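Fold and geometry: a report
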Amino acid sequence: MGIANGIRKQAGKITMGERPVSAWAEKLSQDAEEMPQAQTHRAEKDGLDITMAWAVIGIFAVLALSAIYMMSLILVPVTLAVVVGMILGLLAEKLSRLGVPRITNAVILSTGVALVIILVANSLAGPLTTLANEGPAFVEKTFNRLMPYLERIRWLHITPETFRGGPMSSEKLLENTGNVLHLISANLTPALIQALIFFAALLLFLAGRVSLRRSIIMVFRTRSQRLAAIRVINGVEQVLGFYFATASLVYACLGVMMMVIAYLGGLSAPVLWGFFAFLSSFIPYLGIASMTLAVAIAGILTHDGLVVGLMPAAAFFIVHLVMENLVFPAVMGKRLEINPFVVFLAILFWTWMWGAVGAMLALPLSLIVMTIVDELFIEERLQPQLPK
């Protein structure tokens, strides 16, 4: 086809010239016009080809999810370090503008995170130790207090004999306490390894955040692609920083109010209840459900009357609803609206993949995905232009 086009062009040049056209040039032009033109047809894929393509994509997705699950020992602390580092990125940038070297920023911020974790663990060590020592008495008291209410629900078929013999007996549960402690001690070493990986990854990420950002941007070739990468990175850092700064402030107020509720409700260790309320609020839906259930059980064990025992749980539930549905949206606005069903599915998925840490990372990962989609696929957004 290329030869025919060349012959045709050459013949045209000869024909348009001022010199008389020779017989050879005329014959060459006629042969070029008579040559069959190659027609390009777009290959149409049938149903089998489409099915094979989706099968390959599905196999790749299954292998990727399997790799994420199998490498959880490394991916969980690294992902957590990246998320925390992006949250602290705005603070690190402000320190850099004040003249503080970046490596010093990384050391200061990572040390601050470590000190906060150590202080929280130290403050909770006493109440948790007391709770562990009083575990058998607490379990027995729970059975004795809840049994009258469980017997009223006849379709459960629960009687005092249910907990006196068989696998549900209190003796069996206390015997299995040793197995639970053994399981916790066996998982203690991986937890320490993940903690070391987290702090090392956080320090290195904060130290090389700017160079890593520049490398990611320079991977793309065109100017528009680099501009899109800048928008995505800036948007993710701003969304995560703004969300967690606001959420920490709102949930800290909720924790203080839970301390007051626990103190007025006669619950032991009100500081511990306040901290659990603050921490569980970062896990939508599952956090408030588990926290309300725990407060309800503690209230029933503390007070003789059922109504009085449930009052702390009802107070916490109402306060949490007001905070979550009125105060939080008023502060955040419509900037970070996510479909609640999508958030719920994300929590279930990441909890299944990575456990409790995955449940806490579900919302940040959803915010990251939402920001990427918002920056790349919404054409109505007014896009900034780089200087030429």
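Everything below is about the structure shown above.
Residues numbered from 1 in each chain as written. Predicted model: local features only at pLDDT ≥ 70, side-chain atom pairs only at ≥ 80, totals over all residues. Heavy atoms only, no water.

Here's the deal with the overall build of the protein chain
- Check the secondary structure of the protein chain and you find 16 helices and 0 strands.
- Of all 388 residues assigned to the protein chain, the portion counted as buried reaches 29%.
- Of the contacts formed within the protein chain by residues at least 6 apart in sequence, a portion of 68% connects residues at least 24 apart.
- Counting every atom, the protein chain has about 25,400 Å² of accessible surface; 70% of that belongs to carbon and sulfur. (Helix = DSSP H or I, 4+ residues; strand = E, 2+ residues; numbered from the N terminus. Buried < 20%, exposed > 50% of the residue type's maximum accessible area, 1.4 Å probe, protein only. Contact = heavy atoms within 4.5 Å. Areas by Shrake-Rupley, 256 points an atom, 1.4 Å probe, with all protein chains shown as cover.)

Some points on the side chain of Thr246
- Its place among the elements puts Thr246 in helix α12 (residues 223–264).
- Residue Thr246 is classed as buried on the basis of its relative accessible area, which comes to 9%.
- At 2.8 Å, the side chain of Thr246 and the backbone oxygen of Phe242 are in polar contact. (Polar contact = N/O pair within 3.5 Å; in protein donor to acceptor, adjacent residues only side chain to side chain.)

Details of the nonpolar core
- Counting residues in each nonpolar core, the largest one holds 45 residues, and the members touching the most others are Tyr243, Tyr251, Met258 and Trp273.
- The set of elements that each furnish at least two residues to this core consists of α4 (72–87), α12, α13 (270–280), α14 (286–302), α15 (306–332) and α16 (340–377).
- Sequence-distant contacts of Trp273, defined by excluding residues within four places in its chain, comprise Met258, Ala262, Leu267, Ser268, Met291, Ala294, Val295 and Ala298.
- If you look at the next biggest cluster of nonpolar residues, it comprises 11 residues, including Val84, Leu88, Ala92 and Leu109. (Core = buried A, V, L, I, M, F, W, Y, C linked by side-chain atoms within 4.5 Å.)

Some words on the packing of aromatic side chains
- Scanning the entire structure with this criterion turns up 11 aromatic pairs.
- Between Tyr69 and Trp352 the ring centres are 6.5 Å apart and the planes differ by 25 degrees, which places this aromatic pair in the stacked class. Highlighted residues: Tyr69 in helix α3 (residues 47–70) and Trp352 in helix α16, separated in sequence by 283 residues.
- Take Trp352: its relative accessible area is 60%, and that puts it in the exposed class. (Phe/Tyr/Trp six-rings, centres within 6.5 Å; stacked < 30°, edge-to-face > 60°.)

Regarding the packing of α12 against α13
- The contact between α12 and α13 brings their axes to 7 Å, and the two run at 150 degrees. In terms of orientation, α12 lies roughly antiparallel with respect to α13. Of the two elements, α12 crosses α13, and the hand of that crossing is right-handed. For the pair α12 and α13, contact is made by Ser248, Tyr251, Ala252, Leu254, Gly255, Met258, Met259, Ala262 and Tyr263 and by Pro270, Val271, Trp273, Gly274, Ala277 and Phe278, respectively. (Axes fitted to C-alpha atoms, helices over the stretch in contact; angles between N-to-C directions. Parallel < 35°, antiparallel > 145°, perpendicular 65-115°, else oblique. Left-handed = near helix turned anticlockwise from the far one by under 90°.)

Section: the pattern of salt bridges
- Following the criterion strictly, the structure yields 3 salt bridges and no others.
- One continuous salt-bridge network, built from bridges that share partners, spans Glu93, Arg209, Arg213 and Glu237. (Salt bridge = Lys/Arg side-chain N within 4 Å of Asp/Glu carboxyl O.)

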